[in-house]
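Commentary on secondary and tertiary structure
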Amino acid sequence: MKMIFPLICVLAILPWSNATAETVDKFGIWGAIQGQGSFTHADSELRKWQWWMEGQGRWFNNASQQGQSIVRPGIGYQLSDQVSVWLGYAWVRTYPEGQDHTDEHRIWQQLSWNKPYSWGGLATRTRLEQRFLNTGNDAGWRFRQFLKYTYPIFSERIYLSLWDEVFVNMNSTDWGAKSGFGQNRLFTGLGFFVDSKQHYRFELGYINQFVNLESQNNQMDHLISGSLFIRY
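**Quick word on the overall build of the chain**
Of regular secondary structure, the chain possesses one helix and 11 strands. When the helices and strands of the chain are read in sequence order from the N terminus, they spell out α-β-β-β-β-β-β-β-β-β-β-β. Per-residue burial for the chain yields a buried fraction of 41% across its 232 residues. Of the contacts made within the chain by residues no fewer than 6 positions apart, 51% connect residues no fewer than 24 positions apart. Looking at the chain as shown, the accessible area adds up to about 12600 Å², and 60% of this sits on carbon and sulfur atoms.

Below, the structure is given as structure tokens:
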């Protein structure tokens, strides 16, 4: 437990160390619904195969402007009780301020690991994305590393949630991606299991998102985040 908080803090702070441009602060609200489960109900022999479906809506400028919509399905295989591998697709529509919207198509691969301990739960997610935008011809490769820590408080149904995710662009593209550090997201909040069987849980908190824009002022987003997780 003594190592978890310092590690998350290092992940959150390290990317900013090379940011020299002026930073612009923005405010918004993000909402998400994520479902995950196995195909056991369809066929007991498929118990190791899993499905993933996620939808997100993001609003900026004090929640007055829609910024992004995301739909992300995927299919996975459980290698063990703690480890699973995933392959999926994502459609992302972005609404840049003062410009026409863009449509992005992603293919993603993921390795997930999670394990409960006496001092809390720990989970990691390593994701590789291939990104295609309608404004260019290049495929953008991006690496994402996610680390999450949870700890029950007050009761077994309420818990502290703390996570960080680092984004690294692996190449530059003709539609604007620049190789190197892209952004960092740090979340702190509370989670609540809605039902006693823990099929439904809701997390509410604050996301600090730092975006490295290189050619212009960097961006710091202060976000209220609410997410519903469904698992069977």
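Still more ground to cover, so stick around.
**Notes on the side chain of R185**
Topologically, R185 is positioned in strand β9 (residues 180-193). In this structure, R185 is buried with no salt-bridge partner, the nearest side chain bearing the opposite charge being E165 at 4.4 Å. A polar contact of 3.2 Å, which involves the side chain of R185, links it to the side chain of Q183. At 2.7 Å, the side chain of R185 and the side chain of Q209 are in polar contact. If sequence neighbours within four positions are ignored, R185 has contacts with W30, R58, R144, W163, D164, E165, F167, I207, N208 and Q209.

**Focus on the sheet that holds strand β4 (residues 83-94)**
Where strands meet in a sheet, backbone hydrogen bonds hold them as pairs that are either parallel or antiparallel. The strand order around the closed barrel built from 11 strands is β1-β2-β3-β4-β5-β6-β7-β8-β9-β10-β11, with neighbouring strands paired in mixed fashion. Looking at each pair of strands side by side, their axes are set apart by 20 degrees on average, direction ignored. By the bridge criterion, 11 bridges tie strand β7 (residues 140-152) to strand β8 (residues 158-169) in an arrangement that is antiparallel. Counted as the bridge partner of K148 is W163 from β8.

**So, a nonpolar patch on the surface**
Taken together, the side chains of I29, W59, F192, V194, Y200, F202, L204, I224 and Y232 present a nonpolar region at the surface, about 810 Å² in accessible area. Here the element with the most residues in the nonpolar patch is strand β10 (residues 200-211); it accounts for three residues. Note that Y232 resides in the segment after β11 (218-231).

**Considering the side chain of T173**
Mapping T173 onto the fold places it in the loop between β8 and β9. Residues within four places of T173 in sequence aside, it is in contact with D138, A139 and G140.

**Re the pairing of β4**
Sheet faces and side chains relate simply in a regular strand, where the side chains alternate between the two faces. Bridge count between strand β3 (residues 65-78) and β4: nine bridges; the pairing is antiparallel. Residue G76 lies in a different strand from β4, and its bridge partner there is W86. If you look at the hairpin formed by β3 and β4, you'll find four residues sitting between the two strands. With 12 bridges connecting them, β4 and strand β5 (residues 102-117) associate as antiparallel partners. Considered in β5, the bridge of R93 is made with D103.

**Let's talk about the environment of Y232**
We classify Y232 as partly exposed; its relative accessible area is 45%. For the pair formed by Y232 and W51, sequence separation is 181 residues and the distance between their alpha carbons is 10.0 Å. With sequence-adjacent residues up to four places away left out, Y232 is seen in contact with Q36, G37, S38, H199 and Y200. Looking at Y232, its side chain comes within polar contact range of the side chain of Y200, at 2.8 Å.

**Here's the deal with the pairing of β11**
Sheet analysis places strand β1 (residues 23-38) next to β11, joined by 14 bridges and oriented parallel. Residue pairing across strands places K26 opposite D221, the latter belonging to β11. As judged from the 12 bridges shared by β10 and β11, these two strands associate in the antiparallel manner. Looking at β11, one finds that Q209 is bridged to D221.

**Concerning unusual backbone geometry**
If a residue is not glycine, its phi is most likely negative; likewise, a peptide bond is most likely trans. You will see that A63, though not glycine, has its phi angle at about 65 degrees, which is positive. Assignment of secondary structure puts A63 in the loop between β2 (49-60) and β3. Classification of A63 as partly exposed rests on a relative accessible area of 31%. Look at Q198: it is not a glycine, yet its phi comes out positive at around 60 degrees. One can find Q198 in the loop between β9 and β10. The partly exposed category is assigned to Q198, whose relative accessible area is 40%.

The rules behind the values
- Residues numbered from 1 in each chain as written.
- Predicted model: local features only at pLDDT ≥ 70, side-chain atom pairs only at ≥ 80, totals over all residues.
- Heavy atoms only, no water.
- Helix = DSSP H or I, 4+ residues; strand = E, 2+ residues; numbered from the N terminus.
- Buried < 20%, exposed > 50% of the residue type's maximum accessible area, 1.4 Å probe, protein only.
- Contact = heavy atoms within 4.5 Å.
- Areas by Shrake-Rupley, 256 points an atom, 1.4 Å probe, with all protein chains shown as cover.
- Lys, Arg positive; Asp, Glu negative; His and termini not counted.
- Salt bridge = Lys/Arg side-chain N within 4 Å of Asp/Glu carboxyl O.
- Polar contact = N/O pair within 3.5 Å; in protein donor to acceptor, adjacent residues only side chain to side chain.
- Pairing = 2+ DSSP bridges.
- Axes fitted to C-alpha atoms, helices over the stretch in contact; angles between N-to-C directions.
- Patch = residues over 30% accessible without salt bridge, like charges linked within 9 Å, V, L, I, M, F, W, Y side chains within 5 Å.

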